[in-house]
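Spelled out, the chains give:
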Amino acid sequence: MRSMTNFNADEETLRALADEGNEKALDRLADLADERGDLDELSDLLDEGCLRAGQLLTRRAVAMGDLRELQRLSDAGYDEAGNELDRLLDGPTKGKE
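Predicted model only: the values in this text are computed from it and were never measured. (Residues numbered from 1 in each chain as written. Predicted model: local features only at pLDDT ≥ 70, side-chain atom pairs only at ≥ 80, totals over all residues. Heavy atoms only, no water.)

Structurally, Gly82 can be placed in helix H6 (residues 79–90). C-alpha of Gly82 to C-alpha of Thr58: the two residues are 24 residues apart in sequence and 9.3 Å apart in space. (Helix = DSSP H or I, 4+ residues; strand = E, 2+ residues; numbered from the N terminus.)

By size, the foremost hydrophobic cluster in this structure holds 21 residues, and its most contacted members are Ala30, Leu42, Leu45, Leu46, Cys50, Ala53 and Leu73. If you list the elements that add at least two residues to this core, you get helix H1 (11–19), helix H2 (23–36), helix H3 (39–47), helix H4 (51–64), helix H5 (67–75) and H6. The element contributing the most residues to this core is H2, with six residues. (Core = buried A, V, L, I, M, F, W, Y, C linked by side-chain atoms within 4.5 Å. Buried < 20%, exposed > 50% of the residue type's maximum accessible area, 1.4 Å probe, protein only.)

Right, let's talk about H6 for a bit. If you check H6, its first and last C-alpha atoms are 17 Å apart, about what 12 residues at 1.5 Å a residue would give, namely 16 Å. Packed against the buried residues of H6 are H4 and H5. (Expected span 1.5 Å × (residues − 1). Contact = heavy atoms within 4.5 Å.)

Its location among the elements puts Asp34 in helix H2. Separated by 3.0 Å, the side chains of Asp34 and Arg59 make a polar contact. (Polar contact = N/O pair within 3.5 Å; in protein donor to acceptor, adjacent residues only side chain to side chain.)

The next thing to look at is the packing of H4 against H5. Running from amino to carboxyl end, H4 crosses H5 at an angle of 160 degrees, the nearest separation of the two axes being 8 Å. Compared by their axis directions, H4 and H5 come out roughly antiparallel. Crossing geometry of H4 relative to H5 is assigned as left-handed. Only Glu69, Leu70, Arg72 and Leu73 of H5 make contact with H4, whose side of the interface consists of Leu57, Thr58, Ala61 and Val62. The residue makeup of the contact of H4 with H5, split by class, is five nonpolar, one polar and two charged. (Axes fitted to C-alpha atoms, helices over the stretch in contact; angles between N-to-C directions. Parallel < 35°, antiparallel > 145°, perpendicular 65-115°, else oblique. Left-handed = near helix turned anticlockwise from the far one by under 90°. Nonpolar A, V, L, I, M, F, W, Y, C, P; charged D, E, K, R; others polar.)

Time to look at the pattern of salt bridges. For the structure on display, the rule yields 11 salt bridges. Among the salt bridges present, the one from Arg15 reaches Glu48, with a minimum N-O distance of 2.9 Å. Highlighted residues: Arg15 in helix H1 and Glu48 in the loop between H3 and H4, separated in sequence by 33 residues. The exposure class of Arg15 is partly exposed, given its relative accessible area of 21%. Residue Glu48 is classed as partly exposed on the basis of its relative accessible area of 42%. A salt bridge links Asp34 to Arg59; the nearest nitrogen and oxygen atoms lie 3.0 Å apart. With Asp34 in helix H2 and Arg59 in helix H4, this pair connects stretches of sequence that are 25 residues apart. Within the structure, one salt-bridge network assembled from shared partners comprises Arg15, Asp19, Glu41 and Glu48. (Salt bridge = Lys/Arg side-chain N within 4 Å of Asp/Glu carboxyl O.)

By the element assignment, Thr58 lies in helix H4. Setting aside residues up to four positions removed in sequence, Thr58 forms contacts with Leu70, Leu73, Tyr78, Glu80, Ala81 and Glu84.

Read these as spatial facts, not as claims about activity.
Laid out in structure tokens, this is it:
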């Protein structure tokens, strides 16, 4: 019997599964897009409701200090981006009153 631990579905199959509502396939597509550095694909996946894509885009935006991208992600419905934006805006200037 073949082990499924080394199984890698191709992107076409993952896309078909995602289109059928499979959230794990959508998450896997987001991981693959992140590995390629394909921000357009990640944005498209976020638009489809993929929270994993929002998480990956937020992580990238925080690392780059990209406040506008965090605002865009928050506006697109990924709440954690808004939390990170607030954290960054509150951060270093707090207490310098």
